[in-house]
Amino acid sequence: QVQLVGSGGGLVQAGGSLSLSCAASGDVRSINHMGWYRQALGKQRELVAQITVRGTTTYADSVKGRFTITRDNAKSTVYLRMNSLKLEDTAVYYCNAEEWGSGNTHWDQGTQVTVSS
């Protein structure tokens, strides 16, 4: 089993920056992809950024050039640096981990990110 604990987030003005981190524990060797999804009020959950164990990254078009995802495999931790935040980035951000082979996914409890004008 894999457990995820996310941290960071909070309230920031538009144009500002925030960072998120997410640490995995348990059977971390089973993990391939790690990253974040977000869900704004009244909207579906969407992929924000993802990184494989080899460092290949994927970003939503809406965050390209503003967000950066990195990963420390030795610490089983991923980081999301969010710059130039916009009002539309406001959402609950969920850390996600996907296992090799089975594709089983795991989620943390979610972290609120609020961008104010």
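Above this text is the structure in question.
Attention here is on the structure that accompanies the text. These figures come from a predicted structure and were not determined experimentally.

A separate point is the packing of aromatic side chains. To describe a pair of aromatic rings, one takes the distance between the centres and the angle between the planes. Tallying each qualifying case throughout the model produces two aromatic pairs. With centroids separated by 5.2 Å and ring planes inclined at 70°, the aromatic side chains of Tyr37 and Trp107 adopt a geometry described as edge-to-face. Here the residue Tyr37 occupies a position in strand E4 (residues 31-39), and Trp107 occupies one in strand E10 (residues 105-107), the gap between them amounting to 70 residues. Tyr37 gets classed as partly exposed once you look at its relative accessible area, which sits at 22%. Between the aromatic rings of Tyr94 and Trp107, the centroid separation amounts to 6.4 Å while the plane-to-plane angle is 90°, which identifies the pairing as edge-to-face. Placement of Tyr94 in strand E9 (residues 91-99) and of Trp107 in strand E10 is noted, with a sequence separation of 13 residues between them. Put simply, the rings of Tyr37, Tyr94 and Trp107 touch in pairs and so form one group of aromatic residues. We note Arg45 situated over the ring of Tyr94; from NZ or CZ to the ring centre the distance is 3.7 Å.

Here Val92 shows up in strand E9. When the C-alpha positions of Val92 and Arg71 are compared, they lie 21 Å apart, and in sequence the two are 21 residues distant. Setting aside chain neighbours within four positions, we find Val92 in contact with Tyr37, Arg38, Gln39, Gly110, Thr111 and Gln112.

One can find Thr111 in strand E11 (residues 111-116). Leaving out residues up to four positions away in the same chain, Thr111 has contacts with Gly6, Ser7, Gly8, Gly9, Leu20, Ala91, Val92 and Tyr93.

Here is what the cut-offs are and how they apply
Residues numbered from 1 in each chain as written. Predicted model: local features only at pLDDT ≥ 70, side-chain atom pairs only at ≥ 80, totals over all residues. Heavy atoms only, no water. Phe/Tyr/Trp six-rings, centres within 6.5 Å; stacked < 30°, edge-to-face > 60°. Helix = DSSP H or I, 4+ residues; strand = E, 2+ residues; numbered from the N terminus. Buried < 20%, exposed > 50% of the residue type's maximum accessible area, 1.4 Å probe, protein only. Lys NZ or Arg CZ within 6 Å of the ring centre and 35° of its normal. Contact = heavy atoms within 4.5 Å.

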